[in-house]
Amino acid sequence: KMAPIIKEINKRGIINILVHTGQHYDNNMSNVFFKELEIPIPDEFLKVGSGTHAETTAKILISFESICIKYRPNLIIVAGDVDSTLACALAAKKLNIAIAHIESGLRSFDQRMPEEVNRILIDRISDLLFITEESGIQNCINEGLSDDKLFFVGNTMIDSLKSFLSISVKNKPWKKFNLSQ
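Along every chain, residues carry numbers that run from 1 in the direction the sequence is written. With the structure being a predicted model, the display of local features is reserved for residues of pLDDT at least 70 and the display and counting of side-chain atom pairs for 80 or more, all residues being used for whole-chain, interface and lining totals. To get the side-chain values, take all heavy atoms of the structure and skip hydrogens and water.

A. How the structure looks around the sheet that holds strand S5 (residues 128-131). By the convention used here, strands pair only if DSSP detects at least 2 bridges between them. A run of H or I in DSSP counts as a helix once it spans at least four residues, and a run of E counts as a strand once it spans at least two, with each numbered from the N terminus. Spatial ordering of the open sheet is given by S3-S4-S5-S6, a layout of four strands whose pairing is parallel. Edge positions in the open sheet fall to strand S3 (75-79) and strand S6 (150-152), since each of these has one partner strand only. Strand-to-strand twist in this sheet, taken as the mean axis angle between neighbours without regard to direction, amounts to 20 degrees. Pairing of S5 with S6, which is carried by three bridges, proceeds in the parallel orientation. Counterpart to Leu 129 in the pairing with S6 is Leu 150. Against the sheet, helix H4 (residues 83-94) engages S3 and strand S4 (98-104), with an angle of about 160 degrees to S3. Axes, fitted as lines to C-alpha atoms, cover a helix only where it is in contact. Angles between the N-to-C directions of the axes lie from 0 to 180 degrees. Only heavy atoms enter the contact rule, under which two residues are in contact if any of them lie within 4.5 Å.

B. Just helix H6 (residues 134-142), in detail. Note on exposure labels: buried denotes an accessible area under 20% of the residue type's maximum, exposed denotes more than 50%, and partly exposed covers the range between, all computed with a 1.4 Å probe on protein chains only. All buried positions along H6 are accounted for by Gly 136, Asn 139 and Cys 140. Looking straight down H6, one finds that the buried residues subtend no more than 95 degrees of arc, so they occupy a single side. The outward face of H6, more than 90 degrees from its buried face, is lined by the exposed residues Glu 134 and Asn 142. Those residues of H6 hidden inside the fold are in contact with S4, helix H5 (114-125), S5 and S6. The arc in question is traced by the directions running from the helix axis to the C-beta atoms.

C. Up close: the pattern of salt bridges. Between Lys or Arg on one side and Asp or Glu on the other, a salt bridge is scored when a side-chain nitrogen of the former is within 4 Å of a carboxyl oxygen of the latter. What the rule picks out here adds up to ten salt bridges. Put simply, Lys 11 and Glu 8 hold a salt bridge, and the shortest N to O gap is 3.5 Å. Of this pair, Lys 11 and Glu 8 are both found in helix H1 (residues 3-11), three residues apart, which corresponds to roughly one turn of the helix. The class of Lys 11 is exposed, set by a relative accessible area of 64%. Glu 8 gets classed as partly exposed once you look at its relative accessible area, which sits at 28%. Put simply, Asp 110 and Arg 112 hold a salt bridge, and the shortest N to O gap is 2.9 Å. Residue class for Arg 112 comes out exposed when judged on its relative accessible area of 74%. Three or more residues are tied together by salt bridges with common partners; here these are Glu 8, Lys 11 and Arg 12.

Next up, the structure:
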């Protein structure tokens, strides 16, 4: 989700710090994306690892707060609905740092899902809500979120797909599984 945003930020010469919480740390959930999507090496790696939702959120909240104190950013950009997203948003909010949330307004309407709880809380405390699909606008409005912080921006996952599809096809990944094109 962040690859096209990081690329654009760097292209524009905006000073930024890339933080990897380490919530997803195995090669197939982390390193492969940095390599294949050409994401720069993170400036900070929190090495949080796994645990319960509470443990993971707490470790990230504590670690990311120290990152915010160290760098004093004007804005943090978080994406999605994982525990890392919530923890980073909470740390920033407590330090009065503005928050931009990518993928705002997505809802399953099933609060038994930890991700749904995260989505709602992150949207509630964010200053800028970057919405990736039309239903997200209505969901945010229905929840009483202010129109002036809603921005329909499209889906960065599609941007990544468009950027890297030709490379993927050139590598013929279907051959690995004995499939034909």
